[in-house]
Amino acid sequence: MPTQPAPRPVTAGRALVLFVVYTVVFAVGGGLAAGIMAVVFEAVSSEGYDGTVYAITFGVTGFIAYRLAQRVAEG
């Protein structure tokens, strides 16, 4: 069974860069998904788009994008 290599130590500079990258990935990923969902919902429904659905879509999709970015950064 192969073993995983030890994670690289996190320096202050690397932590700052990762924080910025993860924040941008979260915002862009969540924003795109929520925006696409809003456009689709507006096209299908005549009642409009509920802000709660937007917030949930943004948060969940942003978190998924963040976790994917974290996996890529850690190798």
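The preceding data block contains the structure.
Residues numbered from 1 in each chain as written. Predicted model: local features only at pLDDT ≥ 70, side-chain atom pairs only at ≥ 80, totals over all residues. Heavy atoms only, no water.

1. A closer look at the side chain of Q70
Here comes step 1: Mapped onto the elements, Q70 comes out in helix 2 (residues 51-74).
Here comes step 2: Within the structure, the side chain of Q70 is placed 2.5 Å from the side chain of R67, a separation counted as a polar contact. (Helix = DSSP H or I, 4+ residues; strand = E, 2+ residues; numbered from the N terminus. Polar contact = N/O pair within 3.5 Å; in protein donor to acceptor, adjacent residues only side chain to side chain.)

2. Considerations on a nonpolar patch on the surface
Here comes step 1: On the surface, L16, F19, V20, V24, V28, L32, I36, V40 and V44 cluster together into a nonpolar patch covering about 900 Å² of accessible area.
Here comes step 2: With respect to the element layout, V28 can be found in helix 1 (residues 12-44). (Patch = residues over 30% accessible without salt bridge, like charges linked within 9 Å, V, L, I, M, F, W, Y side chains within 5 Å. Areas by Shrake-Rupley, 256 points an atom, 1.4 Å probe, with all protein chains shown as cover. Salt bridge = Lys/Arg side-chain N within 4 Å of Asp/Glu carboxyl O.)

3. Observations regarding the side chain of T57
Here comes step 1: By the secondary structure assignment, T57 is in helix 2.
Here comes step 2: Overall, the relative accessible area of 14% leaves T57 in the buried class. (Buried < 20%, exposed > 50% of the residue type's maximum accessible area, 1.4 Å probe, protein only.)

4. Remarks on the environment of V53
Here comes step 1: Note on placement: V53 falls in helix 2.
Here comes step 2: With 26 residues separating them in the primary sequence, V53 and A27 have C-alpha atoms 16 Å apart.

5. Quick look at the packing of aromatic side chains
Here comes step 1: Counting across every chain of the model gives 4 aromatic pairs.
Here comes step 2: The interplanar angle of 90 degrees and the centroid separation of 5.1 Å between the aromatic rings of Y22 and Y66 together place this pair among those described as edge-to-face. You can see Y22 sitting in helix 1 and its partner Y66 sitting in helix 2, a full 44 residues away along the chain.
Here comes step 3: Look at Y22 and you get buried, because its relative accessible area is 11%.
Here comes step 4: Its relative accessible area of 24% is what places Y66 among the partly exposed residues.
Here comes step 5: Both rings, one in Y54 and one in F58, keep their centres 6.4 Å apart while their planes meet at 20 degrees; by these two values the pair is stacked. With a gap of 4 residues between them, Y54 and F58 both fall in helix 2, about one helical turn apart.
Here comes step 6: On the accessibility criterion, Y54 (37% relative accessible area) is partly exposed.
Here comes step 7: Among the residues examined, F58 registers a relative accessible area of 24% and is labelled partly exposed.
Here comes step 8: Feature note: the residues Y22, F63 and Y66 constitute an aromatic cluster, connected by ring pairs. (Phe/Tyr/Trp six-rings, centres within 6.5 Å; stacked < 30°, edge-to-face > 60°.)

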